[in-house]
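What follows is each chain in one-letter form.
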2 protein chains.
Amino acid sequence: MSEREYLGREMALHILKEAGLRRTEARVLILELMGESETPLEARQIQDLAAAKGMSEGLWLSTVYRNLELFAEKGLVQEVKPPESESIFYRLEVHGHNHYAICENCHMEIPLDLCPFEEIERQLQAADFVPTHHRLEVFGLCSACRRRLNR
Amino acid sequence: MSEREYLGREMALHILKEAGLRRTEARVLILELMGESETPLEARQIQDLAAAKGMSEGLWLSTVYRNLELFAEKGLVQEVKPPESESIFYRLEVHGHNHYAICENCHMEIPLDLCPFEEIERQLQAADFVPTHHRLEVFGLCSACRRRLNR
DNA sequence: CTGAATGCAAACGGTTTGCACGCCC
DNA sequence: GGGCGTGCAAACCGTTTGCATTCAG
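The paragraphs below set out a description of the structure included in this document. (Residues numbered from 1 in each chain as written. Chains lettered and ligands numbered in written order. Predicted model: local features only at pLDDT ≥ 70, side-chain atom pairs only at ≥ 80, totals over all residues. Heavy atoms only, no water.)

What follows concerns the environment of Val28 of chain B. Residues and elements named next belong to chain B. Mapped onto the elements of the fold, Val28 is located in helix 2 (residues 25-36). Residue Val28 is classed as buried on the basis of its relative accessible area of 1%. It is 8.9 Å that separates the C-alpha atoms of Val28 and Glu10, two residues lying 18 residues apart in sequence. With residues up to four places along the chain from it excluded, the contact list for Val28 reads Arg9, Ala12, Leu13 and Leu16. (Helix = DSSP H or I, 4+ residues; strand = E, 2+ residues; numbered from the N terminus. Buried < 20%, exposed > 50% of the residue type's maximum accessible area, 1.4 Å probe, protein only. Contact = heavy atoms within 4.5 Å.)

Below, the structure is given as structure tokens:
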């Protein structure tokens, strides 16, 4: 169980202000929902959660996608593309930590301490390769899901 | 420039036999084309290459997808999902090396020597997490593309 | 007030699926 | 000969785009 920092409305507003983005209802809500989630979320899940949470009129998928894209550009959010799913999941980028083990069933994440990136950077310098993103992802089953699925 | 082992027709036939798969024209061709490629390929590229190479009637996309999926199941091929592209790329799994820097422009790959996985496995054991896949991918621009694109 | 964000619908594009014919073993 | 693989077309589904309206600053 990792400590998860819930991110309330005022924090969401703050983040948006920091990023120089307009503070609309949709954006605040998306950030709040992501902040409350234990796992990365797909656009569709965000829409469902929004409906459940009381955004009376709901949240349009196109709005969710447009904002996730925007957030990703600003570095507020990261994409995850699990091998077994077509769709793209998004996680809040809270502390610049890109290294996780991700449960294929429930998508829970275990952060990994190790960052081998300095070493790799040295190797790439030799090849004159300029890195923009990197990711280290381990997929598998967490202990709860293994029990649940009997494997 | 890494040594790339071309994989000829007879080798492709051998691989299929090993995997217990029927040796059809389509499968042999797909493996050959992947073996000749410097980069991971999308289904569409495989189709185009097949047409260019003389598969007179061409190769249907559905056939390519069905076989890539099959190859992936058998562990002959791995998926790559680059952050900037919708589509799935596939690389031949030749020597069990999952760690690359991948050029976002030309998709050339630089294999990375470092495999931090033993260390990670230790961390995950403590969390009772059973890994099935892992990947370490660095995206960026190779030196040729940087020159070509003037960046 | 003005441009940016959203609601909504329609398009898009990569991938999947269903079915009949043809080929591998 | 029997069943798996392929050609082909049509569906699928996550995501993107266009446009009119609404809202934040």
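What follows concerns the interface of chain B and chain A. Counting residues at the interface gives 38 residues for chain B and 38 residues for chain A. Taking both partners together, chain B and chain A bury about 3,300 Å²; carbon and sulfur atoms supply 59% of that area. Summed over the shared surface of chain B and chain A, the number is zero salt bridges. Secondary-structure elements contributing two or more residues to the side of chain B that touches chain A are strand 4 (99-103), strand 5 (109-111), helix 5 (117-127), strand 6 (130-141) and helix 6 (143-149) of chain B. Residues that form the side of chain B that touches chain A fall into these classes: 22 nonpolar, seven polar and nine charged. As paired strands, strand 6 (residues 130-141) of chain A and strand 6 of chain B are joined by 11 bridges and run antiparallel to one another. (Buried area = accessible area lost by both parts, 1.4 Å probe. Salt bridge = Lys/Arg side-chain N within 4 Å of Asp/Glu carboxyl O. Nonpolar A, V, L, I, M, F, W, Y, C, P; charged D, E, K, R; others polar. Pairing = 2+ DSSP bridges.)

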